[in-house]
Amino acid sequence: MATISCGGILRNDVAPDGMLRSSEGDRFRASCSRAYMEHVRDLSLSVRRLQAEIDSAREMLMPGAARIDGMPASPNAYADAIPDGVADLQDLVADYCAELAACVEEQRAAHAALSHLSGEAGRTVLALHYVSGLTWERAAAQVGYSAPWAKEIARAALAELYDFLPPGWAAPRHPAV
């Protein structure tokens, strides 16, 4: 029987009920790839969280800013808090820079790995959901699929992605294999 490829998914990979077949090995491979892609997404979220903390710390340094307990700051308290606030802000900025550098590096590695995938739909859905941070519904809408079908495409793409993961994310292979 000839196989037909549609978005990187072969016809013989689809069960009669329309769902993709999956072997235990594919589930393991997809699980490792999912862990890596979630790591990439978590770095992006961490960068956004640090940016919000920096914005909040900057606001607290402005004249007339509210104290942490919500009470208006007195002029004397403001002057006393400036050196500590600036030091805290500098620490946040340093953390932000380090996290941003790690995030950019991981996103580059993720895009490089995704570029090796055979199916454009799987590559796009994974990039939209894990790298851009879109929900499954929004990612699916952008590629013209339903959310459940986009997840099935992603599951197959994650299994394929395993072979292109950065070092340390794929399980080491036994020399005899």
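As a starting point, this report considers the structure included with it. (Residues numbered from 1 in each chain as written. Predicted model: local features only at pLDDT ≥ 70, side-chain atom pairs only at ≥ 80, totals over all residues. Heavy atoms only, no water.)

### Quick look at helix 3 (residues 120-131)
Rule in force here: Put simply, DSSP marks the helices as runs of H or I at least four residues long and the strands as runs of E at least two long, and each gets a number from the N terminus on. Multiplying 1.5 Å by the residue count of a helix minus one yields the expected span of that helix. Between buried and exposed lies partly exposed: a residue is buried under 20% and exposed over 50% of the maximum accessible area for its type, with that area taken using a 1.4 Å probe on protein chains only.
Over its 12 residues, helix 3 extends 15 Å from the first C-alpha to the last, a length consistent with the 16 Å expected when each residue adds 1.5 Å. When you tally the buried positions in helix 3, you get 9 out of 12 residues, the bulk of the element. Among all positions of helix 3, only Ala121, Gly122, Val125, Leu126, Ala127, Leu128, His129, Tyr130 and Val131 are buried. In the segment just after helix 3, Gly133 is the residue with positive phi, at about 80°.

### Quick word on the packing of helix 1 (residues 24-61) against helix 3
For clarity, the cut-off: Throughout, an axis means a line fitted to C-alpha atoms (over the contacting stretch in the case of helices), and angles, computed between N-to-C directions, take values from 0 to 180 degrees. An angle counts as roughly parallel when it lies under 35 degrees, as roughly antiparallel when it exceeds 145, as roughly perpendicular when it falls between 65 and 115, and as oblique in every other case. The contact rule is simple, with two residues in contact once any of their heavy atoms fall within 4.5 Å. Three classes are used: nonpolar for Ala, Val, Leu, Ile, Met, Phe, Trp, Tyr, Cys and Pro, charged for Asp, Glu, Lys and Arg, and polar for all others, with Gly counted as polar.
Two elements in contact, helix 1 and helix 3, have axes separated by 8 Å at closest approach and are oriented at 45°. On the basis of the axis angle, helix 1 is oblique to helix 3. Counted together, Arg34, Met37, Glu38, Val40, Arg41 and Ser44 of helix 1 and Leu126, His129, Tyr130 and Val131 of helix 3 form the full contact between these two elements. A per-class count over the contact of helix 1 with helix 3 returns 5 nonpolar, 2 polar and 3 charged.

### Digging into helix 4 (residues 136-143)
To keep things clear, this is the line we draw: What the arc describes is the spread of directions from the helix axis to the C-beta atoms.
Taken together, the buried positions of helix 4 are occupied by Trp136, Ala139 and Ala140. Buried residues in helix 4, looked at end-on, bunch into an arc of 100°, giving them a common side. Away from the buried face of helix 4 by more than 90 degrees, exposed residues Arg138, Ala141 and Gln142 are located. Looking at the buried residues of helix 4, the elements they touch are helix 3 and helix 5 (147-161). Trailing helix 4 by a residue or two, Gly144 shows a phi angle of about 80°, which is positive.

Any link to function would need more than the numbers given here.
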